[in-house]
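# Notes for the structure review
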Amino acid sequence: MATRGRDSYIVIGGSGFLGRHIVEALLARGDVVSVFDIVQRYHDVPFYVGDISEEDQVASALEKSSATVIIHTASPVAGIQDPALYWKVNVDGTKAVIAAAQKKGVRKLVYTSSAGVVFNGADIIDVDERIPFPEKAMDAYNESKAKAEEAVLAANGQNGLLTVALRPAGIFGPGDRQVMAGLCQVYERNQLHFQIGDNNNLFDWTYVGNVAHAHLLAADKLGETLAGTFDINKVKEDITT
Ligand code: NAD
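All of these numbers come straight from a predicted model, not from anything done at the bench.

A count of helical and extended segments in the protein gives seven helices and eight strands. Relative to its length of 241 residues, the protein is compact, with a C-alpha radius of gyration of 18 Å against a globular reference of 18 Å. Projected onto the principal axes, the alpha-carbon positions of the protein cover approximately 55 × 40 × 35 Å. Among the 241 residues that make up the protein, the fraction classed as buried is 41%. For the protein, the computed accessible surface area is about 13200 Å², with 53% contributed by carbon and sulfur atoms. When the 22 positive and 30 negative side-chain charges of the protein are each reduced to one mean point, those points stand 5 Å apart.

Below, the structure is given as structure tokens:
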């Protein structure tokens, strides 16, 4: 289904680390793209300032940008002690994005969830997205990401909107303001003499450019084979063919 040429993309959270890479990837292939964020950091695409928990602000940006595809990467950073903020932005904010998208006739919504939504501190090895959410979430951030993901997937096919959620694990690469900064702080505080476990712990990391690329693939494929929950083996086939 060759509909991409007609699409207009809005990247919510497009001033952020991942969001910016998605904007650059869209620009590199010649797509029309704008950004919605509470902070403006770049000035090369149309920018709409606003808070996703204010549905009117999202709706106004969707209307002005004529967006047909939303890529929603906005979230407060992980690891802060503010459950109310996580709920307001990730749960209520994402529901506001869904409501605004449906009212404004947006066709596609790609949501950046997190691998943390299925993590409760115990090892997770060789699973796919069929693994259920844990009974007790790891923390307020991951709980709010899980609730947002649920809302996004439940909206699939409602009022003409197709939705999908991606679950990256740790993201690294140029523009990161969290991971490397945190590691540098640990070094500067000389907090180097700690070891958790037997020194064989594993954690998944993905290069930011690959995570951005996955969002573009998800947006492109949504409406063909991907929508809401799906068969991971079919997705792998689709992406490699
Ligand atoms: P980031 O902090 O660099 O970017 C998030 C952007 O969202 C920022 O520009 C921020 O201003 C914006 N934002 C925050 N609250 C907002 C609000 N109320 N309204 C509008 N905009 C708002 O974070 P990132 O590392 O680029 O993460 C992007 C997404 O990926 C997030 O949803 C995060 O949960 C998810 N994620 C990140 C990682 C990682 O390792 N960085 C891993 C898994 C999932």
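In this section: the site of the ligand. Of all residues adjacent to the ligand, which total 28 residues, the nearest are F17, L18, D37, Y141 and K145. I171 has a polar backbone atom sitting 2.9 Å from an oxygen atom of the ligand. Note that an oxygen atom of the ligand is positioned 3.5 Å from one of the side-chain N or O atoms of R177. For the ligand, whose accessible area on its own is 820 Å², the fraction buried by protein is 90%. Residue composition of the shell around the ligand, by class: 12 nonpolar, 11 polar and five charged.

Below, the discussion takes up the layout of surface pockets. If a probe the size of a water molecule is rolled over the atoms, the empty space left behind becomes visible. Empty space within the second largest pocket amounts to approximately 210 Å³. Lining the second largest pocket, in full, are G182, L183, V186, Y187, Q191 and L192.

Let us look at the sheet that holds strand 3 (residues 47-49). In spatial order, the strands read 3-2-1-4-5-6; together these six strands make up an open sheet with parallel pairing. The sheet is open, and its two edges are formed by strand 3 and strand 6 (162-166), each paired on a single side. With strand direction ignored, the average angle separating the axes of adjacent strands in the sheet is 15 degrees. As judged from the five bridges shared by strand 5 (residues 108-112) and strand 6, these two strands associate in the parallel manner. Bridged to L109 within strand 6 is T163.

Take helix 6 (residues 208-221) next. Given a rise of 1.5 Å per residue, 14 residues ought to cover 20 Å, and the 20 Å separating the end C-alpha atoms of helix 6 matches this to within 8%. Residues V208, V211, A212, H215, L216, A218 and A219 constitute the buried set of helix 6. The buried side chains of helix 6 occupy one side of the element, clustering within an arc of 160 degrees when seen end-on. Just downstream of helix 6, G223 is the residue with a positive phi angle, here 105 degrees.

Structurally, K95 is set in helix 3 (residues 83-103). The exposure class assigned to K95 is partly exposed, which follows from its relative accessible area of 44%. With 53 residues separating them along the chain, K95 and A148 place their C-alpha atoms 7.3 Å apart.

Before going further, it helps to examine the pattern of salt bridges. Applying the stated rule across the entire model yields 11 salt bridges. Here R20 and E24 are joined by a salt bridge, their closest N and O atoms 3.0 Å apart. Of this pair, R20 and E24 both sit in helix 1 (residues 17-28), four residues apart, which is roughly one turn of that helix. The partner of R130 in a salt bridge is D128, and the shortest N-O contact between them spans 2.4 Å. For R130, a relative accessible area of 60% gives the class exposed. For D128, a relative accessible area of 21% corresponds to the partly exposed category. Connected via shared salt-bridge partners are R20, E24 and D44.

Thresholds applied
- Residues numbered from 1 in each chain as written.
- Predicted model: local features only at pLDDT ≥ 70, side-chain atom pairs only at ≥ 80, totals over all residues.
- Heavy atoms only, no water.
- Helix = DSSP H or I, 4+ residues; strand = E, 2+ residues; numbered from the N terminus.
- Rg over C-alpha atoms; globule rule 2.2 N^0.38 Å.
- Buried < 20%, exposed > 50% of the residue type's maximum accessible area, 1.4 Å probe, protein only.
- Areas by Shrake-Rupley, 256 points an atom, 1.4 Å probe, with all protein chains shown as cover.
- Lys, Arg positive; Asp, Glu negative; His and termini not counted.
- Charge placed at Lys NZ, Arg CZ, Asp CG, Glu CD.
- Near = heavy atom within 4 Å.
- Polar contact = N/O pair within 3.5 Å; in protein donor to acceptor, adjacent residues only side chain to side chain.
- Nonpolar A, V, L, I, M, F, W, Y, C, P; charged D, E, K, R; others polar.
- 1 Å grid on protein atoms, 1.4 Å probe; cavity = no way out; pocket = protein on both sides within 12 Å on 5 of 7 lines; lining within 4 Å.
- Points joined across faces, edges and corners; volume = space filled by probe spheres on them.
- Pairing = 2+ DSSP bridges.
- Axes fitted to C-alpha atoms, helices over the stretch in contact; angles between N-to-C directions.
- Expected span 1.5 Å × (residues − 1).
- Arc of directions from axis to C-beta.
- Salt bridge = Lys/Arg side-chain N within 4 Å of Asp/Glu carboxyl O.

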